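Architecture and fold: a report
Okay, here's what each chain looks like letter by letter:
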Amino acid sequence: MKRKQEKDKYRSPEGAWAAAGFAVVLVVVGLPVWWYTTTVYRAHLPYSTIEELSGQLRYHAVGLTLIGVPSPSFSANLEKHVRHLRSIKFHMSLRRTRKDEMEVMRAATSLEELDTKLSRITRAAPGTLAVFVIPDDRFFEDAGVSIVVGRHRLVLVKIDIDMFLLAKVLKSMTMDPLANIRVEEAKILQELRGLHKREAMRQVPTEPGYDVTLTLMVPEPHITRPVWDAKKAVDDYLRPVADQIESVAKLSIKSQVLYMTGLNVSPQWSESNMHYALPQDQLPLTINAIEAKLGSFVWTRPSLHFIIYIPREKETPLHIHAADDLPLKTNSFLVPRWGGVMIHNVQDPDVNSTYPRQVSLDSHWIMKTVLTHLHRLLPVPNVKEDKEVLLLPSHDSTKLTEWQLDGLARARVSAYLSNIKITLQSLCELVGEISNMVISDEVGGWVWGAVEEWRECSSAAREGRLQEATFYCGRSFTQADAAFFHPSLLALLYFPDNQKYAIYVPLFLPVSIPVILSFKMLLGLYKGSMALKVKEE
């Protein structure tokens, strides 16, 4: 009887078997299901291709045709002066002057006529330049210059031209010299000093489009009522430029008027100049006080603000003074990566005038200043005129010349390539650092697309296909940006691995304790059964 009770003790462990069944279900079913549902899916990314493209030397090839050169040494001397450029590689070719071109040179009576007629019969392709060596010095002697920069893509030079001067002009025409200095080139940027450093940092962030806002600030509308047709001014001056550069950057132009809002400055009366002086060191204070009222938070794209400020009556006339305490001729200042501010003084009121008095604004001066600021922010290349260089403006003074459009496109392509490189490298680093980051097929497709367009853009730039490079780099930048800022990636930046324990420990610890105890009971059952068999034998 005693042996039977002892045998039943080991053969009827209902609780142990129930716990064992729960453990088996948890291990056989629960763990695989948990493992499958929590596995991080990652689409394959082209890490090696990104590394390869990041290490490539970035430069623009510019086709340069030398027409009518007196000897082959002309091109050899010019090549020596342009060889050291980091971001531009000139591919030179020579040819003789054609018969029709010689006839144009003999028939032309001015440099403007010569440039216009030569441009019609000698069409330089986008992204290229042509240098005409003019054997007749009478054109240059009348103008007192040695080089004439045309409206299209032609440069007219004398036979005995100074090669150093010609190389300097060609460099300025192809791209803004400081446009290629980007944020990642911190060492180069730190080596710059003074004006060059400020100029290198002025460029707006590279984006496919910008919101341009013209703001007329009237702090005393009860005294001054400005009359200005902003829509007509935009249509006459800004719209032609916006249409020209649409393939490079899309500009959305708006205008607004702010009343009862002024600049937070304290100008001082200048006895020597008989006006109120606003020192340059106070200029940054003016932006901080009014930026919240400009409405830049309404748009998701980068904003460029151009403010026309009508001074208060007690501060009129108001002029900006440079560091040497001399008034600036433009009476305006540029804010890097932001826009510009113009101070528009109005005429003194008549003795019998009534308030509010209407005043007409100088629309030509306002819009010319806006265009100057916009050129420097984008940046548009410019050739500085001196006693040896004549710059022929566009027929429409508001529009850019063809070589300026090419130079702007090169600057934008260089900036896009730098941003694409930084964005994709940063994405690869994040994927390596955050092990639970999911890379969906959508994100992977954007990355692959960005890399392919990046490759095409780099190849087109090195081969001088500027229009194709502009097209490809814009698409690559958009796809790289969409992949990096995808919501599924951003969420994991704020969910590091150590926070997993705060979720899994409270979930698995209460479940794992009965499972462990059930294994202990099964082990005891097994040992008891073995002991019973030994005793029976």
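I will try to describe carefully the structure that is included in this document. Since the structure is predicted, the reported quantities are computational estimates derived from the model, not experimental observations.

**Observations regarding the side chain of R410**
With respect to the element layout, R410 can be found in helix α14 (residues 402–433). For R410, which is buried and forms no salt bridge, the nearest opposite charge comes from D406, at a distance of 4.7 Å.

**Quick notes on unusual backbone geometry**
With an omega of 0°, the peptide bond between T316 and P317 qualifies as cis. You can see P317 is positioned in the loop between β11 (303–309) and β12 (318–321). In this model, L378 is joined to P379 through a cis peptide bond whose omega is 5°. One can find P379 in the loop between α13 (363–377) and β16 (389–391). Even without being glycine, M274 reaches a positive phi, approximately 60°. Looking at the element boundaries, M274 is found in the loop between β9 (268–270) and β10 (275–279).

**A look at the sheet that holds strand β2 (residues 88–95)**
Read from one edge to the other, the open sheet built from six strands follows the order β2-β1-β3-β5-β4-β16, with strand pairing classed as mixed. The open sheet has two free edges, formed respectively by β2 and β16, since each of these has just one partner strand. The sheet shows a mean angle of 20° between the axes of neighbouring strands, taken without regard to direction. By the bridge criterion, eight bridges tie strand β1 (residues 60–67) to β2 in an arrangement that is parallel.

**Considerations on the side chain of Q404**
With respect to the helices and strands, Q404 occurs in helix α14. Within polar-contact distance, the side chain of Q404 engages the backbone oxygen of P381 at 3.3 Å. The contact partners of Q404, leaving out residues within four places of it in the chain, are V380, P381 and N382.

**Here's the deal with the pattern of salt bridges**
Applying the stated criterion across every chain yields a total of 17 salt bridges. Between E463 and R465 there is a salt bridge, with the nearest N and O atoms lying 2.8 Å from each other. What makes E463 exposed here is its relative accessible area of 52%. Connected through shared salt-bridge partners, R95, R98, D100 and E101 make up one network.

**With respect to the pairing of strand β13 (residues 332–335)**
On β13, burial covers both faces: S332 and L334 on one face and F333 and V335 on the other are all buried. Two strands pair when backbone bridges link them, and β13 and strand β14 (residues 339–343) are joined in this way by four bridges, in the antiparallel orientation. Across the sheet, the residue bridging to S332 is M342, located in β14. Connecting β13 to the next strand, β14, in antiparallel fashion are three residues, including R337 with a positive phi near 65°.

Cut-offs used in this document
- Residues numbered from 1 in each chain as written.
- Predicted model: local features only at pLDDT ≥ 70, side-chain atom pairs only at ≥ 80, totals over all residues.
- Heavy atoms only, no water.
- Helix = DSSP H or I, 4+ residues; strand = E, 2+ residues; numbered from the N terminus.
- Buried < 20%, exposed > 50% of the residue type's maximum accessible area, 1.4 Å probe, protein only.
- Lys, Arg positive; Asp, Glu negative; His and termini not counted.
- Salt bridge = Lys/Arg side-chain N within 4 Å of Asp/Glu carboxyl O.
- Pairing = 2+ DSSP bridges.
- Axes fitted to C-alpha atoms, helices over the stretch in contact; angles between N-to-C directions.
- Polar contact = N/O pair within 3.5 Å; in protein donor to acceptor, adjacent residues only side chain to side chain.
- Contact = heavy atoms within 4.5 Å.

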